[in-house]
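Below are the chains, spelled out letter by letter.
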Amino acid sequence: MATKKKPISLVTGACGFMGSHMVEILLKAGHEVRATDLPSACNASGSDKTRFPGYLRSLGVEPIPADVTRPETLEGLLEDCDYVFHIAAVFSYSASWQALRTVNVDGTLNVLKAVKEQAPKLKRFVLWGAGGVYGFQDREGVPITEDDTPEPPNNYLRSKWRQEFEIMKAGQDWLPYSIIRPTTVYGPRGLYGGGQLLMGTAQAPIHAIPSNFTFRIPFVHVTDVCTAALFLATKPKAKGHIFNLNDDSQMTNVEFMKYIAALEGKSAMLLPAVPVVQLRDVLGQVAKVVQSVAGKMGAVSPLEVDSIDYLGRDIVYSNDKLKDLGYEFTYADARDGIRDTIDWYYQNGWM
């Protein structure tokens, strides 16, 4: 009796935080995985907390060096692929438009060309978009849905929106695609973004927050991002559609601080209310100076103006479209995922 052929899936940016989780989930689902990333990522040392080629090898997957900005390195990489999970991108609010366009937009076009030439029977192309493309649509708690028009507020998000545009354009002609828009992603092996928020808050000497910080934090665990990506890749009704990826918790900043403090065995202190808009303006000016100094030193700024812009904005995302297809979150409540992630940080010496 002939054995059933395993589906072949390509993961770009596979050595990174989300890429390594995607590889793991595909393997558990019985896929043959081709994991690709930049040569520098594939050769990263075990001390690098942003790249995990060693972890992929522990799963039995040898990462394949390739660069989406160099089409010749993609030759043969996508041959006979059934699925492509395109995660590779520059994720930085500080990067130049040229760098963002070269990787996020032109690099994606190179991948699409390789798909068309090498994988004529592709079942689905799943693109990692960004929840932030909607911009600051403060609507007093009215959730943002996939029908809302994107208004990307910075170059990084403009590059992600342009990336989506190229995918949708190809979809009108030949490409079977689904696009996911994750919000604040966190989980084991996460260092930036949601990981910075969790670790920074947990390790703060004092757990204190203004009492009027009642705006909500949109969270989604990396396990749900990757599991949902695979779920959508196999759903005919998801073809040609965009999906928000956000859990159900809708925690406020005050609730988040209290929860982290409780996990650390401490109490959170509520401070007097502060004028949020003015605070955002002041911190924005500080961030400009810090970014400028860091740029001149060739370092990564710990503060980014475009990150500060989110302070005080109550942005809520609807996940109804995803759940209406039947997806069930592993971490529907961020509290469970945050607890498990912080435990992982401690157990692995990250905190």
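Just so it is clear, the structure is predicted and the values come from calculations on it, not from any experiment.

The rules we used
- Residues numbered from 1 in each chain as written.
- Predicted model: local features only at pLDDT ≥ 70, side-chain atom pairs only at ≥ 80, totals over all residues.
- Heavy atoms only, no water.
- Helix = DSSP H or I, 4+ residues; strand = E, 2+ residues; numbered from the N terminus.
- Rg over C-alpha atoms; globule rule 2.2 N^0.38 Å.
- Buried < 20%, exposed > 50% of the residue type's maximum accessible area, 1.4 Å probe, protein only.
- Contact = heavy atoms within 4.5 Å.
- Areas by Shrake-Rupley, 256 points an atom, 1.4 Å probe, with all protein chains shown as cover.
- Lys, Arg positive; Asp, Glu negative; His and termini not counted.
- Charge placed at Lys NZ, Arg CZ, Asp CG, Glu CD.
- 1 Å grid on protein atoms, 1.4 Å probe; cavity = no way out; pocket = protein on both sides within 12 Å on 5 of 7 lines; lining within 4 Å.
- Points joined across faces, edges and corners; volume = space filled by probe spheres on them.
- Nonpolar A, V, L, I, M, F, W, Y, C, P; charged D, E, K, R; others polar.
- Pairing = 2+ DSSP bridges.
- Core = buried A, V, L, I, M, F, W, Y, C linked by side-chain atoms within 4.5 Å.
- Salt bridge = Lys/Arg side-chain N within 4 Å of Asp/Glu carboxyl O.
- Axes fitted to C-alpha atoms, helices over the stretch in contact; angles between N-to-C directions.
- Parallel < 35°, antiparallel > 145°, perpendicular 65-115°, else oblique.
- Left-handed = near helix turned anticlockwise from the far one by under 90°.
- Polar contact = N/O pair within 3.5 Å; in protein donor to acceptor, adjacent residues only side chain to side chain.

It is worth spelling out the overall build of the protein chain at this point. Looking only at helices and strands, one finds 12 helices and 13 strands in the protein chain. For a compact globule of 351 residues, the expected C-alpha radius of gyration is about 20 Å, and the protein chain comes in at 20 Å, within 12% of that figure. Principal-axis analysis of the C-alpha atoms places the extent of the protein chain at approximately 70 × 45 × 40 Å. Within the span of the protein chain, comprising 351 residues, buried residues form 51% of the whole. If you take every contact in the protein chain between residues at least 6 apart in sequence, the share linking residues at least 24 apart comes to 80%. When the accessible surface of the protein chain is summed, it comes to about 16200 Å², and 53% of that surface belongs to carbon and sulfur atoms. Looking at charge distribution, the protein chain has the averaged site of its 36 positive side-chain charges lying 3 Å from that of its 39 negative ones.

This part takes up empty space enclosed by the protein. In this structure the tally under the stated criterion is one cavity of 30 Å³ or more. Along the walls of the largest cavity sit R216, I217, P218, F219, N246, D247, Q250, I315, V316 and Y317, which together make up its complete lining. Residues that form the lining of the largest cavity fall into these classes: six nonpolar, two polar and two charged.

Turning to the pairing of strand 11 (residues 241–245), a few remarks are in order. Within strand 11, four of the five residues are buried, which leaves the element mostly enclosed by the surrounding structure. Across five bridges, strand 6 (residues 177–182) lies against strand 11 in parallel orientation. The residue of strand 11 that forms the bridge with R181 is N244.

Grouped together as the largest cluster of nonpolar side chains are 37 residues, with contacts concentrated most on V11, M22, F85, W128 and L322. Broken down by secondary-structure element, the contributors of at least two residues to this core are helix 1 (17–28), strand 2 (32–37), helix 2 (39–42), strand 4 (83–86), strand 5 (124–128), helix 7 (222–233) and strand 11. It is helix 7 that contributes the most residues to this core, nine residues altogether. Ignoring any residue separated from it by four or fewer positions in sequence, one finds V11 in contact with G19, M22, V23, L26, V33, R34, A35, T36, F85 and I87. Listed in part, the 24 residues of the second largest apolar core include L10, C81, L112 and I179.

To continue, consider the pattern of salt bridges. Under the criterion given, the structure shown has 15 salt bridges. The partner of R335 in a salt bridge is D333, and the shortest N-O contact between them spans 3.1 Å. The class for R335 is partly exposed, based on a relative accessible area of 24%. Residue classification places D333 among the partly exposed residues on the basis of a relative accessible area of 28%.

Two elements in contact, helix 8 (residues 253–263) and helix 12 (residues 334–347), have axes whose closest approach is 11 Å; the angle formed by their N-to-C orientations is 40 degrees. By the angle between their axes, helix 8 is oblique relative to helix 12. As for how helix 8 packs across helix 12, the hand of that crossing is right-handed. Here helix 8 contributes E255, F256, Y259, I260 and L263 to the contact with helix 12, which in turn contributes R335, D336, I338, R339 and I342. Class assignment for the residues of the contact of helix 8 with helix 12 results in six nonpolar, no polar and four charged.

What follows is about unusual backbone geometry. Even without being a glycine, D80 presents a positive backbone phi close to 65 degrees. Inspection of the secondary structure assignment puts D80 in the loop between strand 3 (64–65) and strand 4. According to the relative accessible area criterion, D80 is partly exposed, its value standing at 48%. In this structure, R189 is a non-glycine residue whose phi angle is positive, near 75 degrees. Assignment of secondary structure puts R189 in the loop between strand 7 (184–186) and helix 6 (194–202).

Turning to the side chain of H86, a few remarks are in order. Considering the arrangement of structural elements, one finds H86 in strand 4. Within the structure, the side chain of H86 is placed 2.8 Å from the side chain of T12, a separation counted as a polar contact. Among the polar contacts made by the side chain of H86, one reaches the side chain of T108 at a distance of 3.0 Å. Setting aside its immediate chain neighbours within four residues, H86 contacts T12, V68, T108, V111, F125, V126, L127, W128 and Q163.

Further remarks concern the layout of surface pockets. A volume near 210 Å³ is recorded for the second largest pocket. Residue lining of the second largest pocket: 15 residues in total, with S45, G46, D48, R51 and F52 positioned closest to the centre. Among the elements that line the lining of the second largest pocket, the one with the most residues is helix 3 (residues 53–58), at four residues. A per-class count over the lining of the second largest pocket returns six nonpolar, four polar and five charged.

Examined against the element boundaries, H207 turns out to sit in the loop between helix 6 and strand 8 (208–210). Here T201 takes part through its backbone oxygen, which lies 3.1 Å from a polar atom of the side chain of H207. Apart from the residues lying within four places of it in its own chain, the contact partners of H207 are T201, A202, M257, I260, A261, E264, K266, S267, A268 and M269.

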